[in-house]
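# What the coordinates show
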Amino acid sequence: MMVFLLRPHASIAPFIGMLVVAISIWFLNAMDLTKLSRFITCLIPAVGLLVLNLSQKFGTNISIDVLHYATPRMIIIGSAALPFTMFAASEKRIMWIAVVIILLFGLGFDLMHKMLGVDAEALGIQNDFYGIIFEDSVVLTIIILASSGFMFSIGDQYDMRAQKLLDDALHQTETLKKNEEAIKRTIEELEASRLKEEERSWVSKGVAEIGGLLQGANAGDGIYDRWLSLLINYLQLNQGGLFIAEQNEESKRTQLRLVASYAYDRRKFQTKVLDAELGLIGQAYQEGERIYLRQVPENYVHITSGLGDTTPRVITLIPLKTNQSTEGVLELASFKDIPAHYFELLDK
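Everything numeric here is computed off the predicted structure, so don't read it as measured data. (Residues numbered from 1 in each chain as written. Predicted model: local features only at pLDDT ≥ 70, side-chain atom pairs only at ≥ 80, totals over all residues. Heavy atoms only, no water.)

### Some remarks on the sheet that holds strand S1 (residues 239-247)
Spatially, the 6 strands line up as an open sheet ordered S3-S2-S1-S8-S7-S4, and their pairing is antiparallel. Each having just a single partner strand, strand S3 (273-275) and strand S4 (291-293) make up the two edges of the open sheet. Pairs of neighbouring strands in the sheet enclose a mean axial angle of 25°, with direction left out of account. As defined by bridge partners, strand S7 (residues 314-322) adjoins strand S8 (residues 325-334) across 9 bridges and the pair is classed as antiparallel. Opposite Leu317, over in S8, you have Glu331 as the bridge partner. (Pairing = 2+ DSSP bridges. Helix = DSSP H or I, 4+ residues; strand = E, 2+ residues; numbered from the N terminus. Axes fitted to C-alpha atoms, helices over the stretch in contact; angles between N-to-C directions.)

Right under this line is the structure:
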């Protein structure tokens, strides 16, 4: 376009018009209309050259020889290779539309000039070999379509192979990911089984050790204190009390007597005998159901240690049963939650 502007009597209007069209490509890209911007990019060389060439032939007395008349047509046809480089195989339709439009400009070069009254005869161009130019245009068109189409086909095959390799890689990655997840689940299941087996072994060992202490023993041997101490230490809890139910001879009411304790402070009980119908311990005894508290009342119980007096985090009250009869209540306190398999041991 700049070369045309340097010629005498050049019109600046076509230059500005094509410049505006070219600049529009940036705006189309910004709006994500990239397919349309590529379509315009393919057509700009052919349309621009045709418009500028025609503009030189109106209202001038400049003589134009056959070479200047024919050369633009060849360049226009040559630009038909652009769409093959601009579009992918999935965009064949719009690519061929661009190719056809460019070829129509090139092969219809004479017809458009004749319709506008600036054909070779009107411009007084005389050449006995001008007919060969159209033949050359057809040959050039065939060469452009064959070579560009061939290269486009090869590129499409490479794209398909690359896509297949990518799909295979993604499939393998997905397979590896699934295998990794399966292995991870298997490891987790094995770990869970191992932990379950450890818990079962731990429960069996505890039942044997703690239950074995009761064999051949009687209350006079301090068996309650030794049994409770062994239980608390095996469970790694912090505090406990063992209450046995007995009948008050005077009131004929059932009472719960504290027969063993572990880490209780002196404020816990001013007396070691509780009414079986009062408090949480009485509730556990009456209902015969385990009570598990995660929110311990402020002054319910304190654990005395080298760190001072501290309120435990959880309290559990477990009724002691033989057959259908409740014989007492076991109270346990801890700074941490009591795991489920602990209760399995306690139940046994």
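The discussion continues.
### Quick look at the confidence of the model for the protein
Taken over all residues, the pLDDT of the protein has a mean of 83, while the share at 70 or more is 88%. Here strand S5 (residues 303-305) is the element of the protein with the lowest mean pLDDT, 49, and helix H6 (residues 92-107) is the one with the highest, 91. For the stretch residues 304-308, pLDDT sits under 50, and the model shows 4 contacts to residues farther than four places along the chain or on other chains. (pLDDT = per-residue confidence, 0-100. Contact = heavy atoms within 4.5 Å.)

### Observations regarding the pairing of S1
When S1 meets S8, the two strands line up antiparallel, connected through 6 bridges. Following the sheet pairing, Gln239 is matched in S8 by Ala333. As judged from the 8 bridges shared by S1 and strand S2 (residues 254-262), these two strands associate in the antiparallel manner. Considered in S2, the bridge of Ala245 is made with Leu256. If you look at the hairpin formed by S1 and S2, you'll find 6 residues sitting between the two strands, and Lys252 has a positive phi there, around 60°.

### Considerations on the packing of helix H2 (residues 12-30) against helix H3 (residues 34-55)
Packed helix pairs are specified by the crossing angle of their axes together with the interaxial distance, meaning the distance between the axes. Across the interface, H2 lies against H3 with an axial gap of 10 Å and an inter-helix angle of 175°. Taken together, the axis directions place H2 and H3 in an arrangement best described as roughly antiparallel. Along the contact surface, H2 presents Pro14, Phe15, Met18, Val21, Ala22, Ser24, Ile25, Leu28 and Asn29, while H3 presents Thr34, Leu36, Ser37, Ile40, Thr41, Ile44, Val47, Gly48, Val51, Leu52 and Ser55. The residue inventory of the contact of H2 with H3, partitioned by class, reads 13 nonpolar, 7 polar and no charged. (Parallel < 35°, antiparallel > 145°, perpendicular 65-115°, else oblique. Nonpolar A, V, L, I, M, F, W, Y, C, P; charged D, E, K, R; others polar.)

### A look at the packing of H3 against H6
Where H3 meets H6, the axes come as close as 10 Å, and the angle between the chain directions of the two elements is 5°. One way to sum up the angle between H3 and H6 is to call them roughly parallel. Along the contact surface, H3 presents Lys35, Phe39, Cys42, Leu43, Ala46, Val47 and Leu50, while H6 presents Ile94, Ile97, Ala98, Ile101, Ile102 and Phe105. Of the residues in the contact of H3 with H6, the class split is 12 nonpolar, no polar and 1 charged.

### So, the nonpolar core
Core analysis: the biggest nonpolar cluster contains 31 residues, and Phe39, Tyr69, Ile76, Phe87 and Ile102 have the highest contact counts within it. Elements supplying a minimum of two residues to this core: H3, helix H4 (66-78), H6 and helix H8 (130-212). Here this core takes 8 residues from H3, the largest share from any one element. With residues up to four places along the chain from it excluded, the contact list for Ile76 reads Ala46, Leu49, Leu50, Ile102, Phe105, Gly106 and Phe109. In terms of nonpolar packing, the next biggest core, distinct from the first, is built from 21 residues, Leu235, Leu242, Leu330 and Phe343 among them. (Core = buried A, V, L, I, M, F, W, Y, C linked by side-chain atoms within 4.5 Å. Buried < 20%, exposed > 50% of the residue type's maximum accessible area, 1.4 Å probe, protein only.)

### So, H3
Helical geometry note: an α-helix holds 3.6 residues per turn, so side chains three or four residues apart project in the same direction. Taking 1.5 Å as the rise per residue, H3 with 22 residues should run 32 Å; its terminal C-alpha atoms sit 30 Å apart, in good agreement. Along H3, the largest kink reaches about 40° and is centred on Ile44; proline Pro45 follows within four residues of it. (Expected span 1.5 Å × (residues − 1). Bend = angle between axes of the 7 residues up to and from the residue.)

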